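Residues per chain are reported as follows:
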Amino acid sequence: MTSEAPENGDETSAPTEISPTLLRDVQADLEESLLGGPRRYTRAEIADVAGVSLDRADRLWVSMGFAVDIDPDSVMFTEGDAAALRTIASLVDRGIISPEREVAAARALGQSLSRLAEWQVSLISTHIDDQLADSAGSDEQAIREQVRGLTAEILPAVESLQAYVWRRHVASTTGRNVGNPGEEVASRTLVVGFADIVGYTSLTRQLGARDLADLLERFESASTTVIGGHQGWVVKTVGDEVMFAVESPADAAEIALQLQERVLPDESDPELRVGLAMGPVLVRFGDLYGSVVNTAARLTGSARPGTVLIDEELAHELDGAPDYYLKQLRPRRVRGIRRLEQFVLRRNRDA
């Protein structure tokens, strides 16, 4: 059976498809622009050009989150890769990064930037795909030139914005860490908090992809605003949960209460649970570890929807603060903590 021609007046037609060859060529152009040149070195060659051992180059490459081709003759590296290896080696040689920490530093850098790259690629790809669709049927060389022009325009702008945000975060972190140990690993007394969306698992089954994405965007955006607005910082977000830290007990209390008041405020929105704990934590490559982190997570899991639970140490710091009301609950026995002291934190409406 042959397809029928559209009736008179029907302007709808299927879009012209882009040839697989053109897509491969465009992807190759993008890769060359991103990597600073074509692939030209094997594993052994890139190590030699960078002046490091093959074993060290492989360890750093894998630590940053990239796969190593098992074929030793595979040409997969560029001049930009050689420059990056030389930079890491120079940081170690100058004592900025200790030799035993270089793999961990490379891993932390790779993990931090991989998520950013996912967002940036989706942003750039959507724009380029639209341009390819609009140009379908045109001369393929003209399309490639158009994409190169778009790449030359978009990538520097994104890179400049990324560098600005990074510098701003470095400046902010420097201000928080003046007078604290400067090693990659340090112990600090902080308030650690978690906020998570109640019933998130069931929500993922009820909401469509677009509605779920909108919910998570509002959750992350409002949480970041509240936390940053009271001298705190986001340690990480994982789906329905945000982990944060702050130095001041009063700021921690305000963050927790405002998270409940300002994040997902609509009646149709799910509720949040927030848990806070205070004490010494291990700070390692931007992440936090230790019993305080575990306590904060347990308190979050124990909190009723719409409430804030805090530990005994933070309750002691907030005791007597006129703006807050504390109610001690019965201790709980939870996995990993024999006796979990817990206090409900609320605003003092009579203050």
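Above this text sits the structure in question.
Quick caveat, the model's predicted, so the values are computed rather than measured.

A. Representation of the side chain of glutamine 342 in the model. For glutamine 342, the position within the fold is in the loop between strand S9 (337-340) and strand S10 (343-347). Residue classification places glutamine 342 among the buried positions, given a relative accessible area of 4%. Side-chain polar atoms of glutamine 342 contact the backbone oxygen of arginine 330, separated by 3.0 Å. In this structure glutamine 342 touches Leu299, Ser302, Leu309, Ile310, Lys327, Gln328, Leu329, Arg330 and Arg332, once residues within four positions along its chain are discounted.

B. Spotlight on the side chain of glutamine 258. In this structure, glutamine 258 sits in helix H9 (residues 249-262). Leaving out residues up to four positions away in the same chain, glutamine 258 has contacts with Val226, His230, Val263 and Arg347.

C. Fine view of a negative patch on the surface. A surface patch of negative charge is lined by Glu45, Asp48, Asp69, Asp71 and Asp73. Relative to the assigned elements, aspartate 48 resides in helix H2 (residues 43-50). With relative accessibility at 63%, the residue aspartate 48 sits in the exposed group.

D. Examining the layout of surface pockets more closely. Its volume calculated, the second largest pocket comes out at about 230 Å³. Together, Ser302, Ala303, Arg304, Thr307, Leu309, Lys327, Leu329, Arg330, Arg332, Gln342, Val344 and Arg346 line the second largest pocket. By residue class, the composition of the lining of the second largest pocket is four nonpolar, three polar and five charged.

E. Broad picture of empty space enclosed by the protein. As enumerated under the stated definition, the model contains one cavity of 30 Å³ or more in all. Looking at the largest cavity, its volume works out to about 40 Å³. Arg43, Ile46, Leu54, Ala57, Asp58, Trp61, Phe77 and Leu85 together form the lining of the largest cavity. Those elements that place two or more of their residues in the lining of the largest cavity are H2 and helix H3 (54-63). A total of four residues in the lining of the largest cavity trace back to one element, the largest contributor, which is H3.

F. Spatial organisation of the packing of H3 against helix H4 (residues 79-93). As a packed pair, H3 and H4 sit with axes 11 Å apart at the nearest point and diverge in direction by 100°. When the interaxial angle is binned, H3 and H4 end up roughly perpendicular. In this structure, H3 uses Arg56, Ala57, Leu60 and Trp61 to contact H4, whose residues at the interface are Asp81, Leu85, Ile88, Ala89 and Val92. In terms of residue class, the contact of H3 with H4 is built from seven nonpolar, no polar and two charged.

G. Seen up close, the packing of aromatic side chains. Within the structure shown, the criterion is met by two aromatic pairs. Arranged with centres 4.8 Å apart and planes meeting at 40°, the rings of tryptophan 61 and phenylalanine 66 form a pair that is tilted. Between tryptophan 61 and phenylalanine 77 the ring centres are 4.8 Å apart and the planes differ by 75°, which places this aromatic pair in the edge-to-face class. In this pair, tryptophan 61 is assigned in helix H3 and phenylalanine 77 in the loop between H3 and H4, connecting sequence segments 16 residues apart. Note on tryptophan 61: relative accessible area 15%, which makes it buried. On the accessibility criterion, phenylalanine 77 (4% relative accessible area) is buried. An aromatic cluster of at least three residues, connected via ring pairs, comprises Trp61, Phe66 and Phe77.

Quick notes on the rules
- Residues numbered from 1 in each chain as written.
- Predicted model: local features only at pLDDT ≥ 70, side-chain atom pairs only at ≥ 80, totals over all residues.
- Heavy atoms only, no water.
- Helix = DSSP H or I, 4+ residues; strand = E, 2+ residues; numbered from the N terminus.
- Buried < 20%, exposed > 50% of the residue type's maximum accessible area, 1.4 Å probe, protein only.
- Polar contact = N/O pair within 3.5 Å; in protein donor to acceptor, adjacent residues only side chain to side chain.
- Contact = heavy atoms within 4.5 Å.
- Patch = residues over 30% accessible without salt bridge, like charges linked within 9 Å, V, L, I, M, F, W, Y side chains within 5 Å.
- Areas by Shrake-Rupley, 256 points an atom, 1.4 Å probe, with all protein chains shown as cover.
- Salt bridge = Lys/Arg side-chain N within 4 Å of Asp/Glu carboxyl O.
- Lys, Arg positive; Asp, Glu negative; His and termini not counted.
- Charge placed at Lys NZ, Arg CZ, Asp CG, Glu CD.
- 1 Å grid on protein atoms, 1.4 Å probe; cavity = no way out; pocket = protein on both sides within 12 Å on 5 of 7 lines; lining within 4 Å.
- Points joined across faces, edges and corners; volume = space filled by probe spheres on them.
- Nonpolar A, V, L, I, M, F, W, Y, C, P; charged D, E, K, R; others polar.
- Axes fitted to C-alpha atoms, helices over the stretch in contact; angles between N-to-C directions.
- Parallel < 35°, antiparallel > 145°, perpendicular 65-115°, else oblique.
- Phe/Tyr/Trp six-rings, centres within 6.5 Å; stacked < 30°, edge-to-face > 60°.

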